[in-house]
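Now for the letters of each chain:
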Amino acid sequence: MVLSIWICEASMASSLSSLLLVPLGSTCGKSLCFTTPQGSSVDKSGSLVLQNRRLVVKVKSSETTECSVMLNTNSRRDFIGLALGITGMFMGSLDVKAAGLPPEEKPKLCDDTCEKELENVPILTTESGLQYKDIKVGQGPSPPVGFQVAANYVAMVPSGQIFDSSLEKGQVYIFRVGSGQVIKGLDEGILSMKVGGKRRLYIPGSLAFPKGLNSAPGRPRVAPSSPVIFDVSLEYVPGLELDEE
């Protein structure tokens, strides 16, 4: 939509030829009406001629009611400055609204249907304190310690906010499992998975990030030694053939 400044005669009998439309950019449906009092006019060149140096500014919006204010102007230059200033205020308000928009939906390994199904899946706990639920049990081999694995993951804080994801990066994460290249909880959780499987890991702070992770735009902070949640899918293990049944 277009934010427009309308310069119009105060008299209801004004002709349409006395209207001057000045588009100033894209907004969300607001319009400004700068109404010249009686005695002012628009000359043949389209310039505004102010007789009594006063201007009525009316603001109309699809989202708000109409309001108006009487302003003093000394010249056409003042008028242009006023128009640009008000436009800036409108654009600024749009930035505030944009900042309040809900966050963009991020790709996940477990959708809404999956979340409901997980409610009925029993949670298993290992000796280390790691807990997990299998979203899908794989049919391939489990990775031996020291082998490279290719996995996708979505890492979250307990509230569900995502702080890291291979899906957003658009490529699988390859690392040597069981060799300390990733946090302890992820190492342990993947070692007992099978290729093709998906699992939700509830990783306690002792098996997570001892130093924590700093926040980033759109990303929550991970406090030192705080619990985290990983959804993981084991895509393949380079060098191992899938078992054929």
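Where an unreviewed UniProt entry is consulted, the protein appears under the name peptidylprolyl isomerase, with the organism given as Crotalaria pallida. Looking at the protein in UniProt, the text filed under Catalytic activity (unreviewed entry) is "[protein]-peptidylproline (omega=180) = [protein]-peptidylproline (omega=0)".

Peer 1: Help me out: how do you make sense of the overall build of the protein in this one?
Peer 2: Along its length, the protein carries four helices and 14 strands. Expressed as a percentage of its 245 residues, the buried residues of the protein come to 35%. Total accessible area on the protein stands at roughly 14,600 Å², and carbon and sulfur atoms take up 54% of it.

Peer 1: Would you mind showing me how to read the nonpolar core here?
Peer 2: Taken as a class, soluble globular proteins show a tendency for nonpolar side chains to be buried jointly. Core analysis: the biggest nonpolar cluster contains 27 residues, and Ile190, Ile203, Val228, Phe230 and Val232 have the highest contact counts within it. Elements supplying a minimum of two residues to this core: β10 (148-156), α4 (184-191), β13 (198-203) and β14 (228-236). Those residues in contact with valine 228 that sit more than four places away from it in its chain are Met156, Phe163, Ile183, Leu201, Tyr202, Ile203, Ala208, Phe209 and Val222. Formed by five residues, the second largest nonpolar core is a distinct cluster that contains Leu109, Val154, Met156 and Ile229.

Peer 1: What's the story with unusual backbone geometry in this structure? I'm lost.
Peer 2: Generally, phi is negative for residues other than glycine and the peptide bonds are trans, each holding for most cases. Located in the positive-phi region is serine 225, a residue other than glycine, with phi close to 55°. By secondary structure assignment, the location of serine 225 is in the loop between β13 and β14. On the basis of relative accessibility, which here comes to 42%, the residue serine 225 falls in the partly exposed class.

Peer 1: In this structure, what is going on with the environment of leucine 118? I would like to understand it.
Peer 2: Position of leucine 118 relative to the elements: it lies in helix α2 (residues 112-118). A residue is classified by how much of its surface remains accessible, and leucine 118, at 4% relative accessible area, is buried. In this structure, the C-alpha to C-alpha distance between leucine 118 and aspartate 134, residues 16 residues apart in sequence, is 8.3 Å. The residues contacting leucine 118, other than those within four sequence positions of it, are Cys110, Lys133, Asp134, Ile135 and Arg200.

Peer 1: Which parts of the structure should I look at to understand α4?
Peer 2: Turning to α4, its buried residues number three or more, namely Gly185, Leu186, Asp187, Gly189 and Ile190. Buried residues belonging to α4 abut β10, β12 (173-176), β13 and β14.

Peer 1: Help me out: how do you make sense of the pattern of salt bridges in this one?
Peer 2: By the definition in use, this model includes five salt bridges. One salt bridge connects glutamate 115 with arginine 200, and the closest N-O pair in it is separated by 2.8 Å. Remark: arginine 200 occurs in strand β13 and glutamate 115 occurs in helix α2; sequence separation between them is 85 residues. Look at glutamate 115 and you get partly exposed, because its relative accessible area is 31%. Arginine 200 gets classed as buried once you look at its relative accessible area, which sits at 8%.

Peer 1: Please explain the packing of aromatic side chains as it appears in this structure.
Peer 2: Each aromatic ring pair is specified by the distance between its two centres and by the angle formed by the two planes. In the structure shown here, the tally under the stated rule is five aromatic pairs. Relative to phenylalanine 230, the ring of phenylalanine 163 has its centre 6.3 Å away and its plane inclined at 80°; by these criteria the two rings are edge-to-face. Residue phenylalanine 163 is found in strand β11 (residues 162-165), and its partner phenylalanine 230 is found in strand β14; the two are separated by 67 residues along the sequence. For the pair formed by phenylalanine 163 and phenylalanine 230, the shared burial category is buried. A cation over a ring is seen here: arginine 199 above tyrosine 132, with NZ or CZ 3.9 Å from the ring centre.

Peer 1: Is there a simple way to think about the pairing of β11 in this case?
Peer 2: Strand residues, when the strand is regular, have side chains that alternate between the two faces of the sheet. In terms of strand pairing, β10 meets β11 through three bridges, oriented antiparallel. Looking at the pairing, methionine 156 lines up with isoleucine 162 of β11. Turn length for the β10-β11 hairpin, with the two strands adjacent in sequence and antiparallel, is five residues, and the turn residue glycine 160 shows positive phi of about 100°.

Peer 1: What's the story with the pairing of β14 in this structure? I'm lost.
Peer 2: Extensive coverage of β14 is indicated by the burial of seven of its nine residues. In the sheet, β10 pairs with β14 via seven bridges, with the strands oriented antiparallel. Paired with tyrosine 153 across the two strands is valine 232, which belongs to β14.

Calculation notes
- All residue numbers here refer to positions counted from 1 along the written sequence of the relevant chain.
- For a predicted model such as this one, the threshold for reporting local features is a pLDDT of at least 70, and the threshold for listing and counting side-chain atom pairs is 80 or more; totals across whole chains, interfaces and linings nevertheless cover every residue.
- Heavy atoms throughout the structure, all of them, feed into the side-chain values; hydrogens and water do not.
- UniProt positions are given in the numbering used here, feature names are shortened, and annotations may be inferred rather than shown by experiment.
- Numbering goes from the N terminus for both helices and strands, where a helix is a DSSP run of H or I of at least four residues and a strand is a run of E of at least two.
- Partly exposed describes any residue whose relative accessible area lies between the buried limit of under 20% and the exposed limit of over 50%, with all areas from a 1.4 Å probe on protein chains only and scaled to the type maximum.
- Using a 1.4 Å probe, accessible areas were evaluated by the Shrake-Rupley method; residue-level cover was limited to the displayed protein chains.
- Residues grouped as a nonpolar core are buried Ala, Val, Leu, Ile, Met, Phe, Trp, Tyr and Cys residues, joined through side-chain atoms within 4.5 Å.
- By definition in these notes, contact holds between two residues if any of their heavy atoms fall within 4.5 Å.
- The rule for a salt bridge is simple: a side-chain nitrogen of Lys or Arg has to be within 4 Å of a carboxyl oxygen of Asp or Glu.
- The criterion for an aromatic pair is that two Phe, Tyr or Trp rings (for Trp, the six-membered ring) have centres within 6.5 Å, with stacked assigned to planes under 30 degrees apart, edge-to-face to planes over 60 apart and tilted to the rest.
- Remark: a charge is flagged as sitting over a ring if the NZ atom of Lys or the CZ atom of Arg is within 6 Å of the ring centre and within 35 degrees of the ring normal.
- By definition, two strands form a pair when at least two bridges between them are found by DSSP.

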